[in-house]
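Architecture and fold: a report
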Amino acid sequence: MIPDTGEDGKKTYLNGGENCVVVVRIPSNLKNEIAHKAKINGMSLSAYIRNVLIRDMLD
């Protein structure tokens, strides 16, 4: 459960912990478009995906 510590506290919690490897199978066209969007936003693919997932978790 995400602690009820305000938005900044929740983001800190979700960004905490050790890194782990997650394998997700997606079409290559989707992966390429996500990577392009990440680059436009000045992020790596992994950072962009983490950002999107955290935003979704906080909604």
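Refer to the preceding data block for the structure.
Cut-offs and rules
- Residues numbered from 1 in each chain as written.
- Predicted model: local features only at pLDDT ≥ 70, side-chain atom pairs only at ≥ 80, totals over all residues.
- Heavy atoms only, no water.
- Salt bridge = Lys/Arg side-chain N within 4 Å of Asp/Glu carboxyl O.
- Helix = DSSP H or I, 4+ residues; strand = E, 2+ residues; numbered from the N terminus.
- Buried < 20%, exposed > 50% of the residue type's maximum accessible area, 1.4 Å probe, protein only.
- Axes fitted to C-alpha atoms, helices over the stretch in contact; angles between N-to-C directions.
- Parallel < 35°, antiparallel > 145°, perpendicular 65-115°, else oblique.
- Left-handed = near helix turned anticlockwise from the far one by under 90°.
- Contact = heavy atoms within 4.5 Å.
- Nonpolar A, V, L, I, M, F, W, Y, C, P; charged D, E, K, R; others polar.
- Expected span 1.5 Å × (residues − 1).
- Patch = residues over 30% accessible without salt bridge, like charges linked within 9 Å, V, L, I, M, F, W, Y side chains within 5 Å.
- Areas by Shrake-Rupley, 256 points an atom, 1.4 Å probe, with all protein chains shown as cover.

1. Structural notes on the pattern of salt bridges
Between side chains of opposite charge, a pair can form as their charged atoms come close. According to the stated counting rule, one finds two salt bridges in the structure shown. As a salt-bridge pair, E7 and K11 come within 3.3 Å of each other at their nearest N and O atoms. One end of the pair is E7 and the other is K11, both in helix α1 (residues 6–15) and four residues apart, which spans about a single turn. By relative accessible area, K11 is classed as partly exposed at 34%.

2. Digging into the packing of α1 against helix α3 (residues 45–58)
The angle between the axes and the distance between the axes are what describe a pair of packed helices. Relative orientation of the contacting elements α1 and α3 amounts to 135 degrees, with a least axis distance of 11 Å. As the angle between them shows, α1 and α3 are arranged oblique. Here α1 and α3 pass one another in a crossing that is right-handed. Residue-level inspection shows E7, K10, K11, L14 and N15 of α1 in contact with α3, the latter providing I54, M57 and L58. Taken together, the residues that form the contact of α1 with α3 break down as four nonpolar, one polar and three charged.

3. Focus: helix α2 (residues 28–40)
Structurally, the α-helix is built with 3.6 residues per turn, so residues lying three or four positions apart point the same way. The terminal C-alpha atoms of α2 lie 18 Å apart, and with 13 residues this matches the ideal 18 Å at 1.5 Å per residue to within 8%. Backbone geometry just after α2 places G42 at a positive phi near 70 degrees.

4. Some remarks on a nonpolar patch on the surface
A contiguous nonpolar patch, built from V22, V24, I26 and L30 and spanning about 370 Å² of accessible area, is present on the exposed surface. Relative to the assigned elements, V22 resides in the loop between α1 and α2. Among the residues examined, V22 registers a relative accessible area of 61% and is labelled exposed.

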